[in-house]
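Overview (structure and organization)
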Amino acid sequence: KEDRPTAELFDLFYETLYRSYPFGHPLSGTMETIRSITRTDLRDWYEKIRMPSNFVLAIVGDVKKDQMIPYLETLFGTFTVSGKALPSVEPEPALAKARDAHLNRAGAQTHIVVGYLGVGLRSRDDAAMALVKTALSGQGGNLFYNLRDKQSLAYAVTAFRSPGLDTGAFGVYLACDPDKVPTAKKGIFEELEKVREHGISDKELKDAKNHLIGNMQI
């Protein structure tokens, strides 16, 4: 991961955005946490989350239902109802002000993320934000057209979102020449402000819907 600037950048972004929520910790762990984990730690955590209500089983393949169901009942017949509940996680507090974080490393370009707390998968706004993200992204999106094609401010630029069950993140990623950082950051905020003030056009909405539906069909 340390050889990939974007991987380190997004770890830093989520750590900065989520000060108290688990999403602030990298999925792969850190050298310190991995070295300190014991077998007892793993087993204790497994027992906390091992319960039927938290269990999902997916079966894919050329199987026969009348054979598979009895087999599963044999496997999980002793999987009794648990009186435990999943660990409670408090929501991340709203940001009171902007937070900045920087990581200096050798390289020919600067990688930037501007992001916000977003909505989760359970939110009624999840679908709407998926459309906003899609409209901003890709070579046909305003970020690419205005910041890369028209102003040559970016090598790469896109919107992104990472919704979880209860919360999520929404933002813009941009890679640019170090000398263009101030202008590029200004351009990102200008594009986001346009969406905030005016929304997206009917054509952008239609194209975003077609793109999302097409991906689902694929």
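Residues numbered from 1 in each chain as written. Predicted model: local features only at pLDDT ≥ 70, side-chain atom pairs only at ≥ 80, totals over all residues. Heavy atoms only, no water.

Sheet analysis places strand β2 (residues 156-163) next to strand β3 (residues 168-176), joined by eight bridges and oriented antiparallel. Bridge pairing links Val157 to Leu174 in β3. In this antiparallel pair of consecutive strands, β2 and β3, the connection spans four residues. (Pairing = 2+ DSSP bridges. Helix = DSSP H or I, 4+ residues; strand = E, 2+ residues; numbered from the N terminus.)

Another aspect to go through is unusual backbone geometry. Its identity as a non-glycine residue notwithstanding, Ser152 has a phi of 55 degrees, on the positive side. Tracing the sequence through the fold places Ser152 in the loop between α6 (142-150) and β2. Using a relative accessible area of 43% as the deciding quantity, one classes Ser152 as partly exposed. (Buried < 20%, exposed > 50% of the residue type's maximum accessible area, 1.4 Å probe, protein only.)

A word on the pattern of salt bridges. Summed over the entire model, instances satisfying the criterion amount to nine salt bridges. Across the pair Glu47 and Arg43 runs a salt bridge, and its minimum N-O distance is 4.0 Å. Highlighted residues: Glu47 and Arg43, both in helix α3 (residues 39-49), separated by four residues, approximately one helical turn. Residue Lys203 is joined to Asp207 by a salt bridge in which the shortest nitrogen-to-oxygen separation is 2.7 Å. With Lys203 and Asp207 both in helix α8 (residues 202-217) and four residues apart, this pair spans about one turn of that helix. (Salt bridge = Lys/Arg side-chain N within 4 Å of Asp/Glu carboxyl O.)

Our next topic: the sheet that holds β2. Taken in spatial order, the three strands line up as β1-β3-β2 in an open sheet, and their pairing is antiparallel. Unpaired on one side and paired on the other, β1 (110-118) and β2 mark the two borders of the sheet. Neighbour to neighbour, the strand axes of the sheet diverge by 15 degrees on average, direction disregarded. Bridge count for β1 against β3 is nine bridges, and the pairing is antiparallel. From the neighbouring strand, His111 faces β3, where its bridge partner is Ala175. (Axes fitted to C-alpha atoms, helices over the stretch in contact; angles between N-to-C directions.)

We now examine empty space enclosed by the protein. Evaluated as defined, the whole model comprises one cavity of 30 Å³ or more. For the largest cavity, the calculated volume is near 40 Å³. Lining the largest cavity, in full, are Gly118, Val119, Met129, Arg161, Ser162, Pro163, Gly168, Ala169 and Phe170. Only β2 and β3 provide two or more residues apiece to the lining of the largest cavity. Of the residues in the lining of the largest cavity, the class split is five nonpolar, three polar and one charged. (1 Å grid on protein atoms, 1.4 Å probe; cavity = no way out; pocket = protein on both sides within 12 Å on 5 of 7 lines; lining within 4 Å. Points joined across faces, edges and corners; volume = space filled by probe spheres on them. Nonpolar A, V, L, I, M, F, W, Y, C, P; charged D, E, K, R; others polar.)

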